[in-house]
Amino acid sequence: MDLRTVETVVRRLFTDAEFRARAIEDSAAALSEYRLGAAEHAALSKLCLQLASGPKFNAAPIGTLGWWT
C-alpha cells in the first residue's frame, strides 16, 4: 500500500469540496484519477461511503505542525 498516495487522496477529500462531492457520488470515478492498488481503493472507497452517510466534517486547513495542532 502506498501511504503517500492514500494521504494525498485523504487530504484532497477534506480540502477540495468539489472532489469530495464527486467522491461521495461516485467514488470509483473520482478515485480513477489516482493509481491505486486494490487495498488502497477499498479503503478510500470505504472512507467515501462514510463521508456520505456520516456527520459533516469541518474541512479546516491543517496547521503548521500538521494534524495535531
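Above this text is the structure in question.
Described below are features of the structure shown in this document. If you're wondering where the values come from, they're calculated on a predicted model, not measured in any experiment.

**Observations concerning the nonpolar core**
Working step 1: With 12 residues, the main nonpolar core is built from Val-6, Val-9, Leu-13, Phe-14, Phe-19, Ala-23, Ala-30, Leu-31, Leu-44, Leu-47, Cys-48 and Leu-51.
Working step 2: Setting aside chain neighbours within four positions, we find Cys-48 in contact with Leu-13, Ala-23, Ile-24 and Ser-27.

**Description of the packing of aromatic side chains**
Working step 1: This model, assessed by the stated rule, comprises one aromatic pair.
Working step 2: For the pair Phe-19 and Tyr-34, a centre-to-centre distance of 6.2 Å together with 75° between the ring planes defines the contact as edge-to-face. Taken together, the residues Phe-19 in helix H2 (residues 17-25) and Tyr-34 in the loop between helix H3 (27-31) and helix H4 (38-53) connect sequence positions 15 residues apart.
Working step 3: On the accessibility criterion, Phe-19 (0% relative accessible area) is buried.
Working step 4: Positioned above the aromatic ring of Phe-19, the side-chain terminus of Arg-12 is 4.0 Å from the ring centre.

**Thoughts on the packing of helix H1 (residues 3-15) against H2**
Working step 1: Direction vectors running N to C along H1 and H2 enclose 105°, while the axes themselves pass 6 Å from each other. One way to sum up the angle between H1 and H2 is to call them roughly perpendicular. Facing H1, whose interface residues are Val-9, Arg-12, Leu-13, Phe-14 and Thr-15, H2 presents Ala-17, Phe-19, Arg-20, Arg-22 and Ala-23.
Working step 2: A per-class count over the contact of H1 with H2 returns six nonpolar, one polar and three charged.

Analysis parameters
Residues numbered from 1 in each chain as written. Predicted model: local features only at pLDDT ≥ 70, side-chain atom pairs only at ≥ 80, totals over all residues. Heavy atoms only, no water. Core = buried A, V, L, I, M, F, W, Y, C linked by side-chain atoms within 4.5 Å. Buried < 20%, exposed > 50% of the residue type's maximum accessible area, 1.4 Å probe, protein only. Contact = heavy atoms within 4.5 Å. Phe/Tyr/Trp six-rings, centres within 6.5 Å; stacked < 30°, edge-to-face > 60°. Helix = DSSP H or I, 4+ residues; strand = E, 2+ residues; numbered from the N terminus. Lys NZ or Arg CZ within 6 Å of the ring centre and 35° of its normal. Axes fitted to C-alpha atoms, helices over the stretch in contact; angles between N-to-C directions. Parallel < 35°, antiparallel > 145°, perpendicular 65-115°, else oblique. Nonpolar A, V, L, I, M, F, W, Y, C, P; charged D, E, K, R; others polar.

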